[in-house]
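Residue strings, one per chain:
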Amino acid sequence: MNTSQIPYLAKLLFVLAALLSTAAAEDSLPDLLTGTLDTTAHQSATCPTHHLTMTKLKVKISYGLIRFPEPRPSLEVQRSEFPFARDQYLGGCVIRRDSPKHALIYICPECKAAEKKWYDAHPKK
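Reference entry: report on the structure contained in this document.

## So, the side chain of T40
Along the polypeptide, T40 turns up in the loop between strand 2 (36-38) and strand 3 (55-63). Polar side-chain contacts of T40 include one of 3.4 Å to the side chain of K56. Dropping the residues within four chain positions of it, T40 is found in contact with K56, L104, I105 and Y106.

## Comments concerning the pattern of salt bridges
Taken as a whole, this structure holds 5 salt bridges when the rule is applied. Taking the shortest distance from any N to any O, the salt bridge between E115 and K112 comes out at 3.7 Å. A residue pair is termed a helical-turn pair when its members lie 3 or 4 positions apart in one helix, as E115 and K112 do in helix 3 (residues 109-121) at 3 residues. Through salt bridges that share partners, D87, K112 and E115 make up one connected network.

## Considering the environment of G64
When you line up the elements, G64 lands in the loop between strand 3 and helix 2 (75-81). Sequence-wise, G64 and I95 are 31 residues apart; in three dimensions their C-alpha atoms are separated by 8.0 Å. Ignoring any residue separated from it by four or fewer positions in sequence, one finds G64 in contact with G92 and C93.

## With respect to the layout of surface pockets
Of the pockets and cavities examined, the largest pocket occupies roughly 670 Å³. What lines the largest pocket is a set of 23 residues, among which Q78, P83, A85, R86 and Q88 lie closest to the centre. Counting residues per element, the ones that place at least two in the lining of the largest pocket are helix 2, strand 4 (89-92), strand 5 (102-107) and helix 3. When grouped by side-chain class, the residues that make up the lining of the largest pocket number 13 nonpolar, 4 polar and 6 charged.

The rules behind each value
Residues numbered from 1 in each chain as written. Predicted model: local features only at pLDDT ≥ 70, side-chain atom pairs only at ≥ 80, totals over all residues. Heavy atoms only, no water. Helix = DSSP H or I, 4+ residues; strand = E, 2+ residues; numbered from the N terminus. Polar contact = N/O pair within 3.5 Å; in protein donor to acceptor, adjacent residues only side chain to side chain. Contact = heavy atoms within 4.5 Å. Salt bridge = Lys/Arg side-chain N within 4 Å of Asp/Glu carboxyl O. 1 Å grid on protein atoms, 1.4 Å probe; cavity = no way out; pocket = protein on both sides within 12 Å on 5 of 7 lines; lining within 4 Å. Points joined across faces, edges and corners; volume = space filled by probe spheres on them. Nonpolar A, V, L, I, M, F, W, Y, C, P; charged D, E, K, R; others polar.

The following block contains the structure:
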């Protein structure tokens, strides 16, 4: 290696170190070793609606266009009455080779019960 390449390599190493430190600090980046997206990192384990300790669950990430059953609750109802009922994680429409396969999520038992109650009160037509 000639000496004219040293500043370029130093810059490259600096940029690589900055990217890795950013990735390590970012909550929503997948764990590079397990391929698991940890959505629970730096998030309270207490449900904000029911004030109960939630369970951490590892789920498979669903990619693509997902169709939900009808009728379904509005986003407002989901967020206010059962924000931690969903036992799946939606990864979007684009999947790449390095896309995570699993996600760690929180599930609240009271959210699940409230969601079931909503669906029981709004049967399919």
